[in-house]
Amino acid sequence: MQGLLPPAPASRRRRTTATAAALPRRRMPCFLLLLVVVLAAALPPAHAQPPPTVIQIGDSWTELSAQSLATFCSGATVVNRGVSSSTALEWASGSSCPAGGGSTCSMADAFSSAHGSGYTHAIVSIGGNDFLDTQGCGMSAAELASRVTSVVNALRAAAPAGIQIILVGYCTPTGPYADCATPALVANLNSGIAAAAAAAADVTYIDGTAACGGSTSAFSPGTYHIDPIHLNSKGY
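The structure presented is a predicted model; accordingly, all values stated were derived computationally and were not measured.

**Q** Would you explain helix H7 (residues 141-158) in this entry?
**A** Spacing of three or four residues puts side chains on the same side of an α-helix, whose turn is 3.6 residues. Taking 1.5 Å of rise per residue, the 18 residues of H7 would be expected to cover 26 Å, and the 26 Å separating its terminal C-alpha atoms lies within 8% of that figure. Within the span of H7, buried status applies to Leu144, Ala145, Arg147, Val148, Val151, Val152, Ala154 and Leu155.

**Q** How should I be thinking about the side chain of Asn129 in this particular structure?
**A** Following the sequence through the fold, Asn129 ends up in helix H6 (residues 128-132). At 2.8 Å, the side chain of Asn129 and the backbone oxygen of Ser86 are in polar contact.

**Q** Would you mind showing me how to read the pattern of salt bridges here?
**A** For the structure on display, the rule yields four salt bridges. Its salt-bridge partner being Asp130, residue Arg147 comes within 3.1 Å of it at the nearest N-O pair. Residue Arg147 is located in helix H7, and its partner Asp130 is located in helix H6; the two are separated by 17 residues in the primary sequence. There is no split in this pair, since Arg147 and Asp130 are both buried. Two residues, Arg147 and Glu143, come together in a salt bridge whose shortest N-O distance is 2.9 Å. Pair noted here: Arg147 and Glu143 are both in helix H7, with a separation of four residues, about one helical turn. On the basis of relative accessible area, Arg147 is assigned to the buried category, the value being 18%. Residue class for Glu143 comes out partly exposed when judged on its relative accessible area of 35%. Among the ionic contacts, a cluster of salt bridges with common partners joins Asp130, Glu143 and Arg147.

**Q** Even after reading the chapter, I still don't get the environment of Gly101, so can you show me in this structure?
**A** Here Gly101 shows up in the loop between strand S3 (96-97) and strand S4 (103-104). Of the residues examined, Gly101 reaches a relative accessible area of 54% and is grouped as exposed. Along the sequence, Gly101 and Ser85 sit 16 residues apart, while their C-alpha atoms lie 9.6 Å from each other.

Cut-offs applied
Residues numbered from 1 in each chain as written. Predicted model: local features only at pLDDT ≥ 70, side-chain atom pairs only at ≥ 80, totals over all residues. Heavy atoms only, no water. Helix = DSSP H or I, 4+ residues; strand = E, 2+ residues; numbered from the N terminus. Expected span 1.5 Å × (residues − 1). Buried < 20%, exposed > 50% of the residue type's maximum accessible area, 1.4 Å probe, protein only. Polar contact = N/O pair within 3.5 Å; in protein donor to acceptor, adjacent residues only side chain to side chain. Salt bridge = Lys/Arg side-chain N within 4 Å of Asp/Glu carboxyl O.

Below you can see the structure in the form of structure tokens.
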């Protein structure tokens, strides 16, 4: 890591693109460990249930993870339908995303049989770009929860009956980014996502705040990041 990136101008903060470097995988990446534990706890004993079939939906945190989850969740089938820079508003409405970018944030398309079927779990990383796009990163937890709840509702309508939904909170960044000047702001972001999960019996929340070594009072050290907000292969 070469240090912190300068704050991104408001007009392009969601357009930040990151490509995860191919780093050696000596141990279980910190964030995927949390996901694997949740998946394992949600399943009956191995002799009674086949490995999970997982669809990943959301923003760059999803897209850049590629097939990392399949690597560390033995036997799992993983379909990654993440779209970098996408927002909760876009996924809830099924619009083109990012706006004008040519991709589609459509649950109907994500769950199309052309990509896969028989999903048992959906892992969703969404809401970060909505938060970043708000002046001063001042979006309330209630507003973010409303947006994420709309995503969950759209997902549930398109998904197989009985699917288990996992909402993923974000790691504390490595330093100030865009209008988010302090690590304390990650608490507002993740509390909105947590509230959306708490409102639904079929949704589990994973708090990522401290997963990369940071907290609401200290930025993450950068061990698991390729820039202030995106994870490297160790992070995944």
